[in-house]
Amino acid sequence: MPNQEKATGAVGAPTRRTDGREKVTGAARYAAEAPIPKAAFGYILPSTIAKGVIKSIDTSVAEKAIGVIAILTPLNMPKLHGGHSGDSRAPFSDMNILYAGQHVAVVVADTPERARHAASLIKVEYTEAKPIVDVHDSSAPLNETPTFFGSPLGFKEGDVASAVSAPGVTVVKQTYTTPIETHNPMEMSATVALWEGDDKLVVWDSTQGVSNTHGSLARAFGLKPENVRVYCPYTGGGFGCKGEEWPHKFLAVAAAKLAKRPVRLPLTRAQMFTNSGHRPFCEQVITVAAGTDGKLKGLRHFVLSQVSPSSTFIETCAAGTSRVLYDTASLEIVQHVKTMDLPPGTWMRAPGETPGMFALESALDELAHELKMDPIALRLANHADVSPESKKPWSSKHLKECYTKGAEKFGWSRRNPIPASTKTPDGKWIGYGMASATYPAMIFPGKARVRLYKEGNGVRAVSAAASQDLGTGTWTIGVQMTATLLDLPAGQVKFELGDSKLPVSGQSGGSATAGSLALALGDAAEALKAELLKHADGTPLAGIDIKDVQFKGGELASISKPTQKVKLRDLVQKAGSEYVEGVTSDRNKFQPTGEDYMANDAKYAFQSFGAHFVEVQIDDLLPLVKVTRVVSVMDIGRVLNPKTARSQVIGGVVMGLGQALTEDTHYDLRTGRPTNDNFADYRVPVNSDIHSLEVEFIDVPDLHFNPIGCRGVGEIGITGIAAAVANAVYNATGKRIRDLPITPDKLL
Ligand code: MOS
């Protein structure tokens, strides 16, 4: 466990990251730097073809290269027993090549350079076939009724066709396209594997799911779960690309076995483009029809996205946007997928919502323009007072306040609704745009434990879960939530994560970590209360109903008769053991019984909302879009930590600006290889691209969701931002860009 700084505040305090010092001083160990002595280095040889079959692999020259310890190929790979995901085939289980960059061999050597050099000496012969990489290639297999997680993606309610053709309605029908985007976390994926004997495995892995990776490796190699240990104290960003059990993890473990040495296996930056997913290409057609009052009579959302022959992931676009955001009299969703000979796609920050909101929120802006309505007024006219999807009441929704607060802070009233009519004093076009933001609030099943120890005259608490911190702040909010639940000063609390030996915890995906941990920790705190009460004989709390007891200032106290109380320290003392512990009960699953948390039979719909306001300035001659100001107002329930939550939203906004203006993974249509798989050619935003970013929160606790009232904040910030930029670009120039990214050539 890292030597953390003490947190200084409970929930709501802008506490600094407890792991901040380790990170900025370089003391934090990321997976590839695992403190495992004598580890050798692995290098993965990628396929140079995008489609075909490996005819032969000749490793004879490479084996003799200096420093080489072992070479793993499909020919000597052990059979796995499942556990892998992302790429739906077991790694190295056949000789077929389904995408460029597919792993073909792993060289283990005493230095990384020698491993890489030896890999260049491996001779692979392929039977090559022509890949289909262009989404408009008519020979690509098209599926018009795809399912995702077993559910069909199409949906129909009411009659959109009649709504669109009714007299007196204003209709907008437009096509929006978004390119393949690649996750570029600072830390590349990496796995370090150490075998202890034949049946014990220790792994350091950069993962978004410590417990998932643990379970997957145990299953794949047929090991007892208690004989597998996965560590991940820090994840240097993930954005979804570390959420699946990608092939390299299993190759690292198999290579370590073959080499009889621990092996460090990092992906290269180029391999991050082909071997840990991407956000698929999408073509969306939005049709909206509204009356003169702006009320939606019909909404049709068509999505075409691309899948790989070895993946099941679908970028759904409409499910998290058109299905949940606005009240419409009729709705139709159609999704098609084409199978392309490309690497598998995967979850990427607000998967579905990010491209989906670009299309929907651009179309609403186009509709507002046609109706000569203010874009906010149009959204208010279609505000969904209950969930359009489930028809249930929202657990908590403050979207209207997001619009009001954001508009005021941004100065929306100064917007000139006539496009291309406003210039700055130095002659740049200036434009204002806005868009809504939305993302579901999810709970993943998981447990946590809370232990109380005696310390000095009081107690100290240590809570723990096999969770992970992607840079999001989990280390810090774990302390803050525990402090709040136990009503202890944060300085008396520690929180542990990043170790599979801790209570099994959910994936850090779907912005679910904070809410899931709140639920697990809340339940563990209740269990701790029950444990402590077992030792209340002879105290003022003897025989009291647990429902009448709360943690209060270092004591357990009666709620109805506050003078009846006992010091926590005295109860731990009476217990006579080193600590008293509460563990989340088994009922903390997707569907907690009898509660109103996330469940199909829940009483409420759980969703976060927000609004973005964007100002752009654009030079006439060189139309580079400069985003000069962004104001984002988010309704994410209770804000656990304004500092880390703000950073999450800022991160989402910045990534959204990348989506809007620069990011585009380009594949060579002949070879199927990405041509810009590096930081020089794949442009993510840098400091000079970013100007004023302001983030505000509504900060109303959502106590139907969990006992702390927080919903997640990792993803919502990116949703809607590209549309807000495109809408501002239209306001500035009169040019409507429906094809991301908005590069200068499109504005000339
Ligand atoms: Mo996130 S794309 O759910 O890791």
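Residues numbered from 1 in each chain as written. Predicted model: local features only at pLDDT ≥ 70, side-chain atom pairs only at ≥ 80, totals over all residues. Heavy atoms only, no water.

## A word on the overall build of the protein
The condition that has to hold: Each helix is a run of DSSP H or I of at least 4 residues and each strand a run of E of at least 2, with the numbering of both proceeding from the N terminus. We call a residue buried when its accessible area falls under 20% of the maximum for its residue type, exposed when it is over 50%, and partly exposed in between, using a 1.4 Å probe and counting protein chains only. Residue-level accessible areas treat just the shown protein chains as cover; the underlying method is Shrake-Rupley with a 1.4 Å probe. Positive charge is attributed to Lys and Arg, negative charge to Asp and Glu, and no charge count is given to His or to the chain ends. To locate a charge, take NZ of a lysine, CZ of an arginine, CG of an aspartate or CD of a glutamate.
Along its length, the protein carries 15 helices and 29 strands. Residues classed as buried in the protein amount to 61% of the 748 residues present. When the accessible area of the protein is evaluated, it comes to approximately 28,200 Å², of which 53% is carbon and sulfur surface. Considering the protein, the positive charge centre built from 80 side chains and the negative charge centre built from 79 side chains are found 3 Å apart.

## Notes on the sheet that holds strand E24 (residues 555-558)
Applied cut-off: DSSP bridges decide pairing: two strands pair if at least two such bridges lie between them. For every element, the axis is a line fit to its C-alpha atoms; helices are fit only across the contacting stretch, and the angle between N-to-C directions ranges from 0 to 180 degrees. It only takes one pair of heavy atoms within 4.5 Å for two residues to be counted as in contact.
Pairing is antiparallel in the open sheet, where 3 strands are placed in the order E23-E24-E25. On the outer flanks of this sheet lie strand E23 (549-552) and strand E25 (565-567), each paired with one strand and no other. Looking at each pair of strands side by side, their axes are set apart by 20° on average, direction ignored. Looking at chain direction, E23 and E24 are connected through 4 bridges and run antiparallel. The partner of Gln550 across the bridge, within E24, is Ala557. The strands that helix H12 (residues 513-533) touches are E23 and E24; relative to E23, the one it contacts most, it runs at about 105°. Contacts from helix H13 (residues 568-575) reach E23, E24 and E25, with the element oriented near 70° to E25.

## Notes on the packing of aromatic side chains
Selection rule: Here a Phe, Tyr or Trp ring, Trp counted by its six-membered ring, pairs with any other such ring whose centre lies within 6.5 Å, and the pair is stacked when the planes are under 30 degrees apart, edge-to-face when over 60, and tilted otherwise.
Overall, the coordinates contain 18 aromatic pairs when judged by the stated rule. Ring centres 5.9 Å apart and planes at 90° place the aromatic pair Tyr176 and Phe358 in the edge-to-face group. Placement of Tyr176 in strand E11 (residues 170-178) and of Phe358 in helix H8 (residues 353-371) is noted, with a sequence separation of 182 residues between them. A relative accessible area of 0% places Tyr176 in the buried class.

## Examining the side chain of Thr177
Structurally, the position occupied by Thr177 is in strand E11. Once you skip the residues sitting within four places of it in the chain, Thr177 turns out to touch Cys282, Glu283, Phe358, Arg738, Asp739 and Leu740.

## Description of the pattern of salt bridges
Here is the rule we go by: Salt-bridge detection follows one rule: a side-chain nitrogen of Lys or Arg within 4 Å of a carboxyl oxygen of Asp or Glu.
In the structure shown here, the tally under the stated rule is 34 salt bridges. Linking Lys242 and Glu187 is a salt bridge whose minimum nitrogen-to-oxygen distance equals 3.1 Å. Here Glu187 lies in the loop between E11 and strand E12 (190-196) and Lys242 lies in the loop between strand E14 (228-231) and helix H6 (247-259), a separation of 55 residues in the sequence. The pair formed by Lys242 and Glu187 is uniform in burial state, with each residue classed as buried. We note a salt bridge from Lys295 to Asp327, for which the minimum N-O separation is 3.4 Å. Separated by 32 residues along the polypeptide, Lys295 in the loop between strand E16 (282-290) and strand E17 (296-307) and Asp327 in the loop between E17 and strand E18 (331-339) bring together distant segments of the chain. Note on Asp327: relative accessible area 35%, which makes it partly exposed. One salt-bridge network, in which partners are shared between bridges, spans Asp365, Glu366, Arg736 and Arg738.

## Thoughts on the environment of Thr287
The topology assignment puts Thr287 in strand E16. Among the residues examined, Thr287 registers a relative accessible area of 6% and is labelled buried. Separated by 45 residues in sequence, Thr287 and Glu332 place their C-alpha atoms 9.6 Å apart. Once residues within four sequence positions are removed from consideration, Thr287 is found in contact with Val164, Val171, Val172, Lys173, Gly298, Leu299 and Arg300.

## Points about the confidence of the model for the protein
Put simply, the rule is: Residue-level confidence of the predictor is summarised by pLDDT, bounded by 0 at the bottom and 100 at the top.
Here the protein averages 95 in pLDDT, and 97% of its residues register 70 or above. Across residues 590-599, where pLDDT falls below 50, the model places 31 contacts with residues more than four positions away in sequence or in other chains.

## Thoughts on the packing of H8 against helix H15 (residues 721-733)
The condition that has to hold: Here a crossing is taken to be left-handed if its near helix is turned anticlockwise relative to the far helix by less than a right angle, and right-handed if that turn runs clockwise. Classes in brief: Ala, Val, Leu, Ile, Met, Phe, Trp, Tyr, Cys and Pro nonpolar; Asp, Glu, Lys and Arg charged; the others, Gly included, polar.
At a minimum axis separation of 8 Å, H8 and H15 run at an interaxial angle of 30°. Where H8 crosses over H15, the two elements pack in a sense that is right-handed. Touching Met357, Phe358, Glu361, Ser362, Asp365 and His369 of H8 are Ala722, Ala723, Ala726, Asn727 and Tyr730, all from H15. Here the residues of the contact of H8 with H15 sort into 6 nonpolar, 3 polar and 2 charged.

## Comments concerning the environment of Leu669
Among the secondary structure elements, Leu669 is positioned in the loop between helix H14 (642-661) and strand E29 (692-697). With 140 residues separating them in the primary sequence, Leu669 and Lys529 have C-alpha atoms 62 Å apart. In this structure, Leu669 is in contact with Val133 and Asp134, ignoring residues within four places of it in sequence.

## Thoughts on the sheet that holds E29
On the basis of which strands lie adjacent, the open sheet formed by 4 strands has the order E19-E27-E28-E29 and mixed pairing. Every other strand in the sheet has two partners, leaving strand E19 (429-440) and E29 as the edge strands with one partner each. Each strand axis lies, on average, 15° off the axis of its neighbour in the sheet, ignoring direction. The sheet contact formed by E19 and strand E27 (residues 607-618) spans 12 bridges and is antiparallel.

## Describing the domain arrangement of the protein
Under the convention used in this document: A domain assignment, automatic or from a database, supplies the domain bounds used here. For any pair of parts, buried area is found by adding up, for both, the accessible area (1.4 Å probe) each one loses once the two are put together.
By the assigned domains, the protein splits into domain 1 (4-28 + 444-590), domain 2 (34-129 + 186-237 + 242-272) and domain 3 (282-442 + 602-746). Distance from the C-alpha centre of domain 1 to the C-alpha centre of domain 3: 36 Å. Facing the 26 residues of domain 1 at the interface are 20 residues of domain 3. In total, domain 1 and domain 3 occlude about 1,700 Å² of area from one another, counting both sides; carbon and sulfur atoms represent 63% of this.

## So, the nonpolar core
Under the convention used in this document: Nonpolar cores were defined as sets of buried Ala, Val, Leu, Ile, Met, Phe, Trp, Tyr and Cys residues, with membership established by side-chain atoms within 4.5 Å.
In terms of nonpolar packing, the biggest core is built from 90 residues, with Val616, Val625, Val725 and Ile742 touching the most fellow members. Filtering out sequence-adjacent residues up to four positions away, Val616 remains in contact with Trp429, Ile430, Gly431, Val625, Lys626, Val627, Thr628, Val725, Ala728, Val729 and Ala732. Listed in part, the 46 residues of the second largest apolar core include Leu488, Ala520, Leu532 and Leu568.

## A closer look at helix H11 (residues 474-486)
Here is the rule we go by: In this scheme, a helix's expected span is set at 1.5 Å multiplied by one less than its residue total.
With 13 residues, H11 ought to run about 18 Å at 1.5 Å a step, and its terminal C-alpha atoms sit 18 Å apart, in line with that. The element H11 is largely enclosed, with a buried count of 12 among its 13 residues. The set of residues buried in H11 consists of Thr474, Trp475, Thr476, Ile477, Gly478, Val479, Gln480, Met481, Thr482, Ala483, Leu485 and Leu486. Looking at the packing, one finds that the buried side of H11 touches strand E20 (449-455), strand E21 (458-464), strand E22 (493-496), H12, E23 and H14.

## Some details on the packing of H14 against H15
The relative placement of two packed helices comes down to the angle between their axes together with the axis-to-axis distance. Rules: When describing relative orientation, an angle under 35 degrees is termed roughly parallel and one over 145 degrees roughly antiparallel, while 65 to 115 degrees is termed roughly perpendicular and anything else oblique.
The N-to-C vectors of H14 and H15 enclose an angle of 55°; their axes lie 8 Å apart at closest approach. Here H15 runs oblique to H14, going by the angle between their axes. Handedness of the crossing formed by H14 with H15: right-handed. Packed against H14, whose contacting residues are Val653, Gly656, Leu657, Gln659, Ala660 and Leu661, the element H15 presents Ile721, Ala722 and Val725 at the interface. Here the contact of H14 with H15 is built from residues that sort into 7 nonpolar, 2 polar and no charged.

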